[in-house]
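# Chains, contacts and geometry: an overview
So the chains spell out like this:
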Amino acid sequence: MTNLTRRSFTALAGASLVPLFAPGVLGQGKPKLVVIGGGPGGGTVARYVNKDHKGAIDVTLVEPQKKFTTCFFSNIYVGGYRSFASITHGYDKVRKEGVKLVHEAAASIDRDKREVVLAGGKRIPYDRLVVAPGIDIKFDSVPGYSEAAAQVMPHAWKPGAQTELLVRKLNALKDGDTIVMIAPPNPYRCPPGPYERVSMFAHVLKQKGHKKSKIIVLDPKPTFSKQALFLEGWEKHYPGMIEWQDPKMHGGIKSVDPKTGEIKTDLADYKATLANVIPAQMAGKIARDAGLADQSGFCPIDPENMKSKMDTNIFVVGDACIPGDMPKSAFSANSQAKVAAMHVAGDLIKARTFPTRYSNTCWSLIETDDDVKVGGSYEPGEGKIKATTTFVSQKGEPPELRKQNYKESVDWYASIIGDVFG
Ligand SMILES: Cc1cc2nc3c(=O)[nH]c(=O)nc-3n(C[C@H](O)[C@H](O)[C@H](O)COP(=O)(O)OP(=O)(O)OC[C@H]3O[C@@H](n4cnc5c(N)ncnc54)[C@H](O)[C@@H]3O)c2cc1C
């Protein structure tokens, strides 16, 4: 030791001691969970794994946005019942609880090396990965529509600037103007969402005293979620204002023109002052690029645990997955996330797991205090997430019940926001 200089000792220590404490060498560093997407799917997994296991798992949440505006309750904002600020949330509490926040987009997933590659080139290793990027819009599913056209004819099916644009256009309408909505084909996020939005459009026009304005819904589907309830509500609250057309009636959507506001169908041409074009959808790009989606554009999962059918180190939750009988909703994403969180901890620290159960409820506001709901309980069965019980509001229900439904939805919103953002 006498021959060792201070410099050579430091170099030796650097070569031998430091790696001894590096996680890879001892194999005893904390196992690593990386989550892509900080919505109700990914955000719930990140928070639950971190808080339920008191930091035993190293959790990194990759989400480019510092502020997340929810799509859920965005219709309530469109109707003027909520402010934009009240549906916008930050990740400060999540960070304080110990989740590592990386506000950058994930550019790709290196499944062989088990690393997430960030847009800036940095790589984050994982033992388990949760992919929850939500949906992408298939712009070319509507002839003439594009990302540029969405600046004039908003889809507002991804939240934030699009929703604000929609509301600005709605508030600028004059009596006698026409709103045309092109509804999306199945499968899409929030099956009753377009029809709740139509109700909120009508509510705003009614509030402004419009007598001649019209809302035309061009639907590629022959039927839609809670149809009888919406049709009853529209007749009751907004008689003569809303015209819903199924594909047999309009014969197909031929084109939209963002320059003129014209929408052509086989049956007729419409001039929309406000066009709300909601195209077909698919899983977020990061999931598709990583080979996690099938020909449907969405990601198949094992209904027992939400693991990708393509890679058992990866879980896919929320709108990006194929959820069997469950609809694509924030409630479903949150429920799937809790199952995934349990199995992530089961895999990584041998935490106890329980039988898999899922649930969902989707509320829709038709007019002030007139709220209807649909939902169910689910479990793995027949190779998918299978409905075990379902329920739906009935026509002609007493007003108190409908009012109670709205109160339930407000309580649910507060509770899911607590789950995702702390
Ligand atoms: C008008 C409307 C009304 C709705 N109303 C309801 C309702 O009342 N109740 C209900 O339950 N559901 C409702 N929904 C559906 C609900 O919003 C979605 O089902 C839910 O947001 C899905 O959650 P998610 O976590 O899968 O995806 P998202 O909420 O879309 O979150 C995905 C996150 O991933 C991030 N991301 C994407 N790509 C990357 C990447 N490469 N790297 C890092 N991060 C990435 C995105 O920035 C985003 O923050 C509504 C939807 C709409 C459009």
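Please refer to the structure higher up on the page.
Anyway, here's the lowdown on the structure attached to this text. (Residues numbered from 1 in each chain as written. Predicted model: local features only at pLDDT ≥ 70, side-chain atom pairs only at ≥ 80, totals over all residues. Heavy atoms only, no water.)

## Brief notes about the overall build of the protein chain
Helices and strands together make up the secondary structure of the protein chain, namely 12 helices and 24 strands. In terms of overall size, the protein chain behaves like a compact globule, its C-alpha atoms giving a radius of gyration of 24 Å where 422 residues would be expected to give roughly 22 Å. Counting only C-alpha atoms, the protein chain reaches 95 × 45 × 40 Å along its principal axes. Among the 422 residues that make up the protein chain, the fraction classed as buried is 55%. Excluding contacts between residues fewer than 6 apart, the proportion of contacts in the protein chain whose partners are at least 24 apart in sequence is 66%. On the protein chain, roughly 18800 Å² of surface is accessible, and the fraction owed to carbon and sulfur atoms is 54%. (Helix = DSSP H or I, 4+ residues; strand = E, 2+ residues; numbered from the N terminus. Rg over C-alpha atoms; globule rule 2.2 N^0.38 Å. Buried < 20%, exposed > 50% of the residue type's maximum accessible area, 1.4 Å probe, protein only. Contact = heavy atoms within 4.5 Å. Areas by Shrake-Rupley, 256 points an atom, 1.4 Å probe, with all protein chains shown as cover.)

## Quick notes on the packing of aromatic side chains
Each aromatic ring pair is characterised by the separation of its centres together with the angle its planes make. One pass over the full model with this rule turns up 16 aromatic pairs. Ring geometry for Phe72 versus Trp412: centroids 5.7 Å apart, planes at 55°, classification tilted. Of the two residues, Phe72 sits in the loop between strand S3 (67-69) and helix H4 (74-78) while Trp412 sits in helix H12 (residues 399-421), which places them 340 residues apart along the sequence. Judged by relative accessible area, which is 14%, Trp412 ranks as buried. Their ring planes at 15° and their centres at 3.8 Å tell us that Tyr195 and Phe224 sit as a pair that is stacked. (Phe/Tyr/Trp six-rings, centres within 6.5 Å; stacked < 30°, edge-to-face > 60°.)

## Remarks on the site of the ligand
Contacts to the ligand come from 33 residues, most closely from Gly41, Glu63, Ala106, Arg189 and Asp319. Here Gln65 contributes a side-chain N or O atom positioned 3.2 Å from an oxygen atom of the ligand. Its free accessible area being 990 Å², the ligand has 91% of it covered by the protein chains. For the shell around the ligand, the secondary structure elements donating two or more residues are helix H3 (40-52), H4 and helix H11 (330-349). A breakdown of the residues in the shell around the ligand according to their chemical character gives 18 nonpolar, 10 polar and 5 charged. (Near = heavy atom within 4 Å. Polar contact = N/O pair within 3.5 Å; in protein donor to acceptor, adjacent residues only side chain to side chain. Nonpolar A, V, L, I, M, F, W, Y, C, P; charged D, E, K, R; others polar.)

## Side note on the sheet that holds strand S8 (residues 123-125)
Sheet architecture is open: 3 strands sit in the order S6-S7-S8, paired in antiparallel fashion. Only two strands of the sheet have a single neighbouring strand rather than two, namely strand S6 (106-110) and S8. Shown here is a sheet whose adjacent strand axes are inclined to one another by a mean of 25°, direction ignored. Judged from the 4 bridges that link them, S6 and strand S7 (residues 115-118) form a sheet pairing that is antiparallel. Its bridge partner being in S7, Ala106 is matched across the sheet by Leu118. (Pairing = 2+ DSSP bridges. Axes fitted to C-alpha atoms, helices over the stretch in contact; angles between N-to-C directions.)

## Looking at the layout of surface pockets
As a volume, the second largest pocket reaches approximately 180 Å³. Pro327, Asn360, Val374, Gly375 and Tyr378 are, among the 14 residues lining the second largest pocket, the residues nearest its centre. Contributing elements (two or more residues each) for the lining of the second largest pocket: strand S22 (358-367), strand S23 (370-381) and strand S24 (384-392). Taken together, the residues that form the lining of the second largest pocket break down as 9 nonpolar, 4 polar and 1 charged. (1 Å grid on protein atoms, 1.4 Å probe; cavity = no way out; pocket = protein on both sides within 12 Å on 5 of 7 lines; lining within 4 Å. Points joined across faces, edges and corners; volume = space filled by probe spheres on them.)

## What to know about the nonpolar core
Grouped together as the largest cluster of nonpolar side chains are 124 residues, with contacts concentrated most on Ile215, Trp234 and Met306. If you tally residues by element for this core, the top one is H11, at 9 residues. Residues within four places of Met306 in sequence aside, it is in contact with Ile301, Phe315, Val316, Val317, Cys321, Gln336, Val339, Ala340, Tyr358 and Ile385. (Core = buried A, V, L, I, M, F, W, Y, C linked by side-chain atoms within 4.5 Å.)

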